[in-house]
Amino acid sequence: MSDLDFSSLETLEVSIEQHIAHIQLCRPAALNSMIPAFWRELPKVVRQIDQDASARVIVISSQGKHFSAGMDLAVFTQIGKSFTGEPARRAERMRRMVLELQDSFNALEEIRIPVLVAMQGGVIGGAVDMISAADCRYCSEDAFFTIKETELGMTADVGTLQRLPHLIPQGLVRELAFTGRNMAAAEAKDCGLVNQVFSDQDTMLKAVMAIAHKIALNSPMAVAGCKEMLNYTRDHSVNDSLNYMATWQAGMFQMPDVQEAMASGQQKRLPEYAPLHKKTPNM
């Protein structure tokens, strides 16, 4: 049982059961728009879950009709107020602000455990940035995806343009970015952005939780290795990735989890694996 306390969050609700952390965007009346608190809370929560080793998989969903309307007007207002002062110093401050926003979604990639996202309704602007950083994406039939920033007179800057080309064809990314049009659930499935499309939100969430449960039954060390290798391979050559795989396996491949997997299969029972170590300071 985790000792983490998430009761004071403003934009998220978090529960952890059976090694699955469920993070819900919980501002449905505001279309789960990403207010300043969200950009602080999301990376803090996912990193705390990882550091505590309190879950083996994270599912992100949202309450209400829409997954998220993206960055809230309050964030744009805050950014607008920063456009004062000497140009070079103003630009340096703006760069740091963008890097801070990017870090909120980088956290989804950097943690050791898989992140699954279940989406309904609108997945707009900053929400596309977020779900692009997840490991697996699922949606309901009413879902649609929009790179909204172009229509707002700006270039998407929190990860969409960097990650989507690794998920769907280049030409389609460019069309979506240049036009700002909506991409419906069926098209998202056809191009590979989402793994599956479900009839409604409840059906989707049950199915995604079942997938998460299957992940949680596997060795957390093996799953963490898969995520590390897949992320590395995306950004490196095949030869570099194979070399890193060999180096990783030289240290991380040990027999206890392999023996437990074999024993549980022979004994027709669920395997029991030790959790990953907590990420505690070494000094």
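Computed from a predicted model, the values in this text were never measured in an experiment.

Caption draft 1: Fine view of the overall build of the chain. Helices and strands together make up the secondary structure of the chain, namely 11 helices and 9 strands. Relative to the compact-globule value of 19 Å for 283 residues, the chain shows a C-alpha radius of gyration of 20 Å, a close match. Each principal axis of the C-alpha atoms in the chain carries an extent, and together these give about 65 × 50 × 45 Å. The buried share of the chain, reckoned over its 283 residues, is 44%.

Caption draft 2: Quick look at the layout of surface pockets. Within this model, the largest pocket holds a volume of roughly 530 Å³. Forming the walls of the largest pocket are 22 residues, and the residues nearest its centre are Ser-219, Met-221, Ala-222, Met-252 and Asp-257. Every element with two or more residues in the lining of the largest pocket is listed here: helix 9 (220-235), helix 10 (238-252) and helix 11 (255-267). Taken together, the residues of the lining of the largest pocket break down into 14 nonpolar, 5 polar and 3 charged. Space inside the second largest pocket adds up to approximately 400 Å³. Taken together, 21 residues line the second largest pocket, and the ones lying closest to its centre are Ala-134, Asp-135, Lys-227, Leu-230 and Asn-231. Secondary structure elements with two or more residues in the lining of the second largest pocket: helix 3 (87-110), strand 6 (136-140) and helix 9. Broken down by element, the lining of the second largest pocket gets its largest block of residues, 7 residues, from helix 9. Counted by class, the lining of the second largest pocket contains 11 nonpolar, 4 polar and 6 charged residues.

Caption draft 3: Molecular detail of the side chain of Arg-163. For Arg-163, the location among the structural elements is in helix 5 (residues 160-163). When its relative accessible area of 9% is taken as the criterion, Arg-163 is described as buried. Engagement of the side chain of Arg-163 in a polar contact is seen with the side chain of Asn-106, the distance being 2.7 Å. Reaching out from Arg-163, the side chain makes a polar contact with the side chain of Glu-109 at a distance of 2.8 Å. With residues near it in sequence (within four places) discarded, Arg-163 still touches Phe-105, Asn-106, Glu-109, Ser-132, Ala-133 and Val-158.

Caption draft 4: Here's a closer look at the nonpolar core. Among the nonpolar cores identified, the biggest contains 55 residues, and Ile-49, Ile-58, Ile-60, Phe-145 and Leu-193 are the most heavily contacted of them. Of all the elements, helix 1 (residues 36-52) adds the most residues to this core, at 6 residues. One finds Ile-20, Ala-212, Ile-215 and Val-223 within the second-largest nonpolar core, a separate group that totals 13 residues.

Caption draft 5: Here's a closer look at the packing of helix 1 against helix 3. One way to put it is that helix 1 packs onto helix 3 with a least axis distance of 9 Å and a crossing angle of 20°. Compared by their axis directions, helix 1 and helix 3 come out roughly parallel. Where helix 1 crosses over helix 3, the handedness of that crossing is left-handed. Counting all contacts with helix 1, which are made through Phe-38, Trp-39, Leu-42, Pro-43, Val-46 and Arg-47, the residues of helix 3 involved are Leu-101, Asp-103, Ser-104, Phe-105, Ala-107, Leu-108 and Glu-110.

Caption draft 6: Here's a closer look at the sheet that holds strand 7 (residues 144-146). Here 3 strands make up an open sheet; going across it, the order is 5-7-8 and the pairing mixed. Among the strands making up the open sheet, the edge pair consists of strand 5 (122-124) and strand 8 (182-184). In this sheet, adjacent strand axes meet at a mean angle of 20° when their direction is disregarded. Sheet analysis places strand 7 next to strand 8, joined by 3 bridges and oriented antiparallel.

Caption draft 7: Expanded view of unusual backbone geometry. Even without a glycine there, the phi angle at His-19 is positive, about 70°. Of note, His-19 is situated in the loop between strand 1 (12-17) and strand 2 (20-25). Classification of His-19 as partly exposed rests on a relative accessible area of 40%. In this model, Lys-268 sits at a positive phi of 55°, which is unusual for a non-glycine residue. Looking at the element boundaries, Lys-268 is found in the segment after helix 11. On the basis of relative accessible area, Lys-268 is assigned to the exposed category, the value being 75%.

Caption draft 8: Layout of a negative patch on the surface. Judged by side-chain charge, Glu-141, Asp-142, Asp-200 and Asp-202 come together as a negatively charged surface patch. By the secondary structure assignment, Glu-141 is in the loop between strand 6 and strand 7. On the basis of relative accessible area, Glu-141 is assigned to the exposed category, the value being 55%.

Caption draft 9: Here's a closer look at the packing of helix 9 against helix 10. Contact pair helix 9 / helix 10: the axes reach a minimum separation of 10 Å and the direction vectors enclose 160°. Compared by their axis directions, helix 9 and helix 10 come out roughly antiparallel. Regarding helix 9 and helix 10, the two cross each other, and that crossing is right-handed. The segment helix 9 lies against helix 10, with Met-221, Gly-225, Glu-228, Met-229, Tyr-232 and Thr-233 engaging Asp-240, Ser-241, Tyr-244, Met-245, Trp-248 and Met-252.

Scoring rules and cut-offs
- Residues numbered from 1 in each chain as written.
- Predicted model: local features only at pLDDT ≥ 70, side-chain atom pairs only at ≥ 80, totals over all residues.
- Heavy atoms only, no water.
- Helix = DSSP H or I, 4+ residues; strand = E, 2+ residues; numbered from the N terminus.
- Rg over C-alpha atoms; globule rule 2.2 N^0.38 Å.
- Buried < 20%, exposed > 50% of the residue type's maximum accessible area, 1.4 Å probe, protein only.
- 1 Å grid on protein atoms, 1.4 Å probe; cavity = no way out; pocket = protein on both sides within 12 Å on 5 of 7 lines; lining within 4 Å.
- Points joined across faces, edges and corners; volume = space filled by probe spheres on them.
- Nonpolar A, V, L, I, M, F, W, Y, C, P; charged D, E, K, R; others polar.
- Polar contact = N/O pair within 3.5 Å; in protein donor to acceptor, adjacent residues only side chain to side chain.
- Contact = heavy atoms within 4.5 Å.
- Core = buried A, V, L, I, M, F, W, Y, C linked by side-chain atoms within 4.5 Å.
- Axes fitted to C-alpha atoms, helices over the stretch in contact; angles between N-to-C directions.
- Parallel < 35°, antiparallel > 145°, perpendicular 65-115°, else oblique.
- Left-handed = near helix turned anticlockwise from the far one by under 90°.
- Pairing = 2+ DSSP bridges.
- Patch = residues over 30% accessible without salt bridge, like charges linked within 9 Å, V, L, I, M, F, W, Y side chains within 5 Å.
- Areas by Shrake-Rupley, 256 points an atom, 1.4 Å probe, with all protein chains shown as cover.
- Salt bridge = Lys/Arg side-chain N within 4 Å of Asp/Glu carboxyl O.
- Lys, Arg positive; Asp, Glu negative; His and termini not counted.
- Charge placed at Lys NZ, Arg CZ, Asp CG, Glu CD.

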